[in-house]
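Reading the structure
Listed here are the chains, written in short residue letters.
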Amino acid sequence: MPTLPSAVDVLVVGSGNAGFCAAISAAQAGAQHVVIIDKCPETWAGGNSYFTAGAFRTVYAGLDDLLPLVNNVDDETASRIDMSPYTEQDFANDLDRITGGRADPSLARVLVQDSNSAVKWLAQNGVRFQLSFNRQAYEVDGRIKFWGGMSLKTEDGGKGLIEDHRRAAQKLGVNVFFSTAARRLVLDPQTGAVTGVVVIHNSQEWTIKTGAVVLAAGGFEANPRMRAQYLGPNWDMAMVRGTPYNTGDCLEMAIRDASAKQAGNWSGCHSVAWDANAPAHAGDRKVSNEFTKSGYPLGIMVNREGERFVDEGVDLRNYTYAMFGRAILRQPGHIAFQVWDSRTIPWLRQEEYREEVVERITASSIEELAEKCQQRGLRNKDRFIETVTRYNAAVYEHEKENPDRKWNPAVKDGRSTQSSSGGLALPKSNWALPIDKPPFLAVKVGCGVTFTFGGLAVDPETAGVLSSITDAVIPGLFCVGEMLGGLFYDNYPGGSGLTSGAVFGRRAGRAAAAAAAARAGVSCRL
């Protein structure tokens, strides 16, 4: 292993998708000495990116635009795929709708317009893409129907993505130093430019001089104090879905040392329905994303008191799963139960609901299911039974009035709990089937926090960090990934996080290489 250097061209802080994209881009743009540091040990390499399903939301012109990128589609399979184009307008509309119109328009424009070229750049650099049959397609009437505008994933999910990034970085001569924590930024007192980073390595303090720094160290989702401080009451009780090393240190460092401007939804985060029996303070690198429990659109969710609390079918899963963790956290005891019958159990994703990764609560009647759930935290089994009974009655009424409406999980099918008789006060707007056909299945879930939305303000063209004092770019300082604020509010379109890391990581890498070259007085390939 090489020795930690005292000077580099570009220093990247963080070994996740965004950090690797920045480092690879900087090296390709001509930076001669690019180094990544991460405070985690090498056994935790990859940050939160390691724990993802590897989904990338990108603009594409249809199936033919994606086939050259993927390695899991033969001619026969391709002939059965139905995949509509996902246009720039589609992506922009989804981002605007899901964030309530709050996404910074300049950041949103760059994310959308660069998304297609970014995934193709990743593929050119050895990232192995696949069509996401297991997560984003259903086979209906012999056709494989992709839905939700998100069709690409990486082979072996986040684990495979990080493997591919590390391989590409190594080829370009990018060194990665683990167990090396950024402690403070060094600024030129005359120009305000960032000229170095003080780090802790082997329990000693080192100063690394650098032409540019790219911060890619994640949010504060693994810091219970900051979660409670910024996200609000009870967030210290959420379970950490990914790395335990995203504790907000670099956010606080940039604000303290460089007066970095803050931006985005500091009280918001990505949080999902998560296995209630999963580790509380960190993800499991073997099980990884399989603790996610995203099958709720196929059934219902009830809280500890036996009551439903969300419209499980309000939208496609892509657009609800990142906010339903928050809804679960608000419930008594911060838990809920997902419930299905034999109609929809076969449609649940095997990797999330197989016996090896989740406790499956099974029963031959709703009454028996209520009894078993009571042994696992349900407090009001009678209300649980009443909730299912009332839900079923509402579905029957809708079916009676709409006998030709077909259940189709690949579209918003309009099968609901509402009818001329009124239906439920809290509807299920799509995919409503009765829960009356044994055997029955329930799974206990909690709130798994993935990443926080608050971050630093940046120039969208370069990802250069803005100063809270001058509102100008701080020379030599860039920010990408979860640390970048202003894109996501309350919710986000699934798969756009990794895409953001690639889009802005690529831009930051190029700009950081140019900044380092300018400081050194040499030319740079852009």
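Here, every reference points to the structure presented above.
Residues numbered from 1 in each chain as written. Predicted model: local features only at pLDDT ≥ 70, side-chain atom pairs only at ≥ 80, totals over all residues. Heavy atoms only, no water.

**With respect to the overall build of the protein chain**
Secondary structure assignment for the protein chain yields 14 helices and 22 strands. Summarising its shape, the C-alpha atoms of the protein chain cover approximately 75 × 50 × 40 Å along the three principal directions. For the protein chain, buried positions account for 60% of its 526 residues. Considering only contacts within the protein chain whose residues lie at least 6 apart along the sequence, 75% involve residues at least 24 apart. A total of about 19800 Å² of accessible surface is found on the protein chain, and carbon and sulfur atoms cover 48% of it. (Helix = DSSP H or I, 4+ residues; strand = E, 2+ residues; numbered from the N terminus. Buried < 20%, exposed > 50% of the residue type's maximum accessible area, 1.4 Å probe, protein only. Contact = heavy atoms within 4.5 Å. Areas by Shrake-Rupley, 256 points an atom, 1.4 Å probe, with all protein chains shown as cover.)

**Some words on the pairing of strand β11 (residues 194–201)**
For β11, the tally of buried residues reaches six of eight residues, placing the bulk of the element in the interior. The antiparallel pairing of strand β10 (residues 180–187) with β11 creates a hairpin that spans six residues between the two strands, and G192 there sits at a positive phi of about 75°. Pairing between β11 and strand β12 (residues 204–215): six bridges, direction antiparallel. By the bridge assignment for β12, H201 is matched with Q204. Adjacent in sequence and paired antiparallel, β11 and β12 are bridged by two residues, among which N202 carries a positive phi angle near 55°. (Pairing = 2+ DSSP bridges.)

**Structural notes on helix α4 (residues 88–98)**
Structurally, the α-helix is built with 3.6 residues per turn, so residues lying three or four positions apart point the same way. All of the buried residues in α4 are F91, D94, L95 and I98. Around the axis of α4, the buried residues are gathered within 95° of arc, so they sit on the same side. Two residues or fewer past α4, G100 is found with a positive phi of approximately 65°. (Arc of directions from axis to C-beta.)

**Some words on the pattern of salt bridges**
Under the criterion given, the structure shown has 40 salt bridges. Note that R57 and D94 form a salt bridge whose closest N and O atoms lie 3.8 Å from each other. Of the two residues, R57 sits in the loop between β3 (55–56) and α2 (63–66) while D94 sits in helix α4, which places them 37 residues apart along the sequence. One exposure class covers both R57 and D94, and it is buried. Between E461 and R109 there is a salt bridge whose closest N-O contact spans 2.9 Å. Here E461 is found in the loop between β20 (455–456) and β21 (464–466), whereas its partner R109 is found in helix α5 (residues 105–124), with 352 residues between them in sequence. One connected set of salt bridges, linked through shared partners, spans R57, D94, R97, D315 and K412. (Salt bridge = Lys/Arg side-chain N within 4 Å of Asp/Glu carboxyl O.)

**Re α5**
The first and last C-alpha atoms of α5 sit 29 Å apart over 20 residues, in line with the 28 Å expected at 1.5 Å per residue. At S115, α5 shows its largest kink, close to 50°. Where α5 is concerned, the buried positions are L107, A108, V110, L111, V112, D114, S115, N116, A118, V119, W121 and L122. If you check the start of α5, you find a side-chain oxygen 3.0 Å away from the backbone N of S106, and it comes from D104. Where α5 ends, the next residue or the one after it, G126, has phi of about 95°, a positive value. (Expected span 1.5 Å × (residues − 1). Bend = angle between axes of the 7 residues up to and from the residue. Polar contact = N/O pair within 3.5 Å; in protein donor to acceptor, adjacent residues only side chain to side chain.)

**Observations regarding the packing of α4 against α5**
Look at α4 against α5: their axes get within 9 Å of each other, and the N-to-C directions meet at 145°. For the element pair α4 and α5, the recorded crossing hand is right-handed. Counted together, E88, F91, A92 and L95 of α4 and A108, L111, V112, Q113 and S115 of α5 form the full contact between these two elements. (Axes fitted to C-alpha atoms, helices over the stretch in contact; angles between N-to-C directions. Left-handed = near helix turned anticlockwise from the far one by under 90°.)

**Re the sheet that holds strand β7 (residues 143–146)**
In a beta sheet, neighbouring strands pair by backbone hydrogen bonds and run either parallel or antiparallel. In space, the three strands of this open sheet follow the order β4-β7-β6, with mixed pairing throughout. In the strand order of this sheet, the two ends are held by β4 (81–82) and β6 (137–140), each with one partner. One ladder, built from four bridges, connects β6 with β7; its direction is antiparallel. For Y138, the partnering residue across the bridge sits in β7 and is K145.

**Brief notes about the packing of aromatic side chains**
Per the stated rule, a full pass over the model turns up 22 aromatic pairs. Their ring planes at 55° and their centres at 5.0 Å tell us that Y296 and F324 sit as a pair that is tilted. Note that Y296 is positioned in the loop between β15 (269–275) and β16 (300–303) and F324 in helix α10 (residues 321–329), a separation of 28 residues in sequence. The pair formed by Y296 and F324 is uniform in burial state, with each residue classed as buried. Each ring, one from W340 and one from Y353, has its centre 5.1 Å from the other, and the planes form 80°; the classification is edge-to-face. Here Y353 lies in helix α11 (residues 350–353) and W340 lies in strand β17 (residues 336–340), a separation of 13 residues in the sequence. (Phe/Tyr/Trp six-rings, centres within 6.5 Å; stacked < 30°, edge-to-face > 60°.)

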